[in-house]
Amino acid sequence: MELFSRIDAPVWRSAIRIIFVTYLIALLGACASNPNIESNDGDVSDGAAADRFEGFNRATFKFNDTVDRWLLKPVAKGYRAVLPGPVRLGVGNFFGNLGEVSNIINDGLQWKWKQAANDTGRLLINSTVGLLGIFDVASKAGLEKSDGENFTQTLATWGVPRGSYLVLPFLGPNTVRGGVSVPFDWATAPIQYVDSTNVKIGLNGVDFVHSRSELLQTEELISGDRYSFIREVYLQRLEYLEKDGVVADDFGDEFDDEDYGY
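Residues numbered from 1 in each chain as written. Predicted model: local features only at pLDDT ≥ 70, side-chain atom pairs only at ≥ 80, totals over all residues. Heavy atoms only, no water.

Caption draft 1: How the structure looks around the overall build of the protein. A tally of helices and strands in the protein yields 10 helices and four strands. Going residue by residue from the N terminus, the α and β elements of the protein occur as α-α-α-α-α-α-α-β-β-α-α-α-β-β. Taken over 262 residues, the protein has a buried fraction of 36%. Put simply, 66% of the contacts in the protein that link residues at least 6 apart link residues at least 24 apart. Carbon and sulfur atoms make up 63% of the accessible area of the protein, which totals about 15100 Å². (Helix = DSSP H or I, 4+ residues; strand = E, 2+ residues; numbered from the N terminus. Buried < 20%, exposed > 50% of the residue type's maximum accessible area, 1.4 Å probe, protein only. Contact = heavy atoms within 4.5 Å. Areas by Shrake-Rupley, 256 points an atom, 1.4 Å probe, with all protein chains shown as cover.)

Okay, here's the thing in structure tokens:
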């Protein structure tokens, strides 16, 4: 935190404003380029059909990929090399526990009261017995961690169409609906209400680096065109989350994780 304390808060606020304005310009520009956005109710595996802004998306993807290659990925590798596994697990648990607040809010907005009760129990137990969430005591007590809920899933529950696939500067893969949801997700994140701007930036930075480090091994699975591969994975994962794990196989039959003992 000493590094952040040496940097004036106005500098951080200016940087955040620049990123947020860039995000809004990208979102509004993409929407304006095709006002007749339709939902993608077909086969999400056909990502090209859901990618109306491919030219813009590929350019943004190239920018994000360059920033990642020269800055984020090296930092994530250093983070993983310096911190032992148990410490990284504790860091992930801590930020995961903070994420339960957003989960609970969206559980309620989606009328998922059983899941809301589960996530509330997790938050209370891990924040106290689990020492601010560093230890996942709730899972051992039988309160399993859910896949997580955000506002774009809430909008999906309310029937708001997904819109086209959209790659946002710095934020990466998304959809038009997801892009609109980002400010709400930020507003429900407890870190945003920390009084100290420097501490807030520091926590967000650690969270981002930790999340990036968790993808280092996963990205080794990428093959072929990186852009298309990531788009397909993102859209399939989005459908999985929207349907709470209930997906259809090639024969049109629906199943969920429990059918296979997952």
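Continuing now.
Caption draft 2: Geometry of the pairing of strand S2 (residues 172-175). In this structure, strand S1 (residues 165-168) lies alongside S2, joined through four bridges in antiparallel fashion. If you follow Tyr 165 over to S2, its bridge partner there is Thr 175. Hairpin connection of S1 to S2: three residues between the antiparallel strands, including Phe 170 at a positive phi of 70°. (Pairing = 2+ DSSP bridges.)

Caption draft 3: Here's a closer look at the packing of aromatic side chains. Inspection of every chain in the model, using the stated rule, returns eight aromatic pairs. Ring centres of Phe 94 and Phe 95 lie 5.1 Å apart, and the angle between their planes is 80°; on these two criteria the pair is classed as edge-to-face. Residue Phe 94 is classed as partly exposed on the basis of its relative accessible area of 21%. Relative to Trp 158, the ring of Phe 151 lies with its centre 5.9 Å away and its plane at 90°, an arrangement referred to as edge-to-face. (Phe/Tyr/Trp six-rings, centres within 6.5 Å; stacked < 30°, edge-to-face > 60°.)

Caption draft 4: Summary view of the packing of helix H3 (residues 54-82) against helix H9 (residues 197-213). In contact at an axis separation of 8 Å, H3 and H9 are set at 85° when each is read in the N-to-C sense. The angle between the axes of H3 and H9 places the two elements in the roughly perpendicular class. Between H3, through Asp 68, Leu 72, Lys 73, Val 75, Ala 76, Tyr 79 and Arg 80, and H9, the contact on the second element is made entirely by Phe 208, Val 209, His 210, Arg 212 and Ser 213. Each residue belonging to the contact of H3 with H9 can be placed in one class, and the counts come to six nonpolar, two polar and four charged. (Axes fitted to C-alpha atoms, helices over the stretch in contact; angles between N-to-C directions. Parallel < 35°, antiparallel > 145°, perpendicular 65-115°, else oblique. Nonpolar A, V, L, I, M, F, W, Y, C, P; charged D, E, K, R; others polar.)

Caption draft 5: View of helix H4 (residues 85-109). Its 25 residues place the ends of H4 36 Å apart at the C-alpha level, agreeing with the 36 Å of an ideal helix rising 1.5 Å per residue. Its maximal kink placed at Leu 98, H4 deviates by approximately 25°. At the C-terminal side of H4, Trp 111 shows a positive phi close to 65°. (Expected span 1.5 Å × (residues − 1). Bend = angle between axes of the 7 residues up to and from the residue.)

Caption draft 6: Geometry of the pattern of salt bridges. Evaluation of the coordinates by the stated rule reveals 18 salt bridges. The residue Asp 136 makes a salt bridge to Arg 122 at a minimum N-O spacing of 3.3 Å. Of this pair, Asp 136 sits in the loop between helix H5 (113-128) and helix H6 (137-140) while Arg 122 sits in helix H5, and the two are 14 residues apart along the sequence. Salt bridges linked by common partners bring Asp 68, Lys 73, Arg 212 and Glu 219 together as one network. (Salt bridge = Lys/Arg side-chain N within 4 Å of Asp/Glu carboxyl O.)

Caption draft 7: Structural context of a nonpolar patch on the surface. Together, Phe 63, Phe 170, Leu 171 and Trp 186 line one region of the surface with nonpolar side chains, adding up to about 350 Å² of accessible area. One can find Phe 63 in helix H3. (Patch = residues over 30% accessible without salt bridge, like charges linked within 9 Å, V, L, I, M, F, W, Y side chains within 5 Å.)

Caption draft 8: How the structure looks around the environment of Tyr 165. Relative to the helices and strands, Tyr 165 is located in strand S1. Between the C-alpha atom of Tyr 165 and that of Thr 175, which follows or precedes it by 10 residues, the distance is 4.4 Å. Discounting residues that sit within four places of it in the chain, Tyr 165 has contacts with Ala 50, Asp 51, Phe 53, Asn 57, Pro 173, Asn 174, Thr 175, Tyr 227, Ile 230, Arg 231, Tyr 234 and Leu 235.

Caption draft 9: Layout of the packing of H4 against H9. Closest axis-to-axis distance for the H4/H9 pair is 10 Å, and the angle between their directions is 120°. As summarised for this structure, H4 and H9 are arranged oblique, according to the angle between their axes. In the crossing of H4 with H9, the sense of the turn from one axis to the other is left-handed. Within the contact between the two elements, H4 uses Arg 88, Val 91, Gly 92, Phe 94 and Phe 95 and H9 uses Leu 203, Val 206, Asp 207 and His 210. (Left-handed = near helix turned anticlockwise from the far one by under 90°.)

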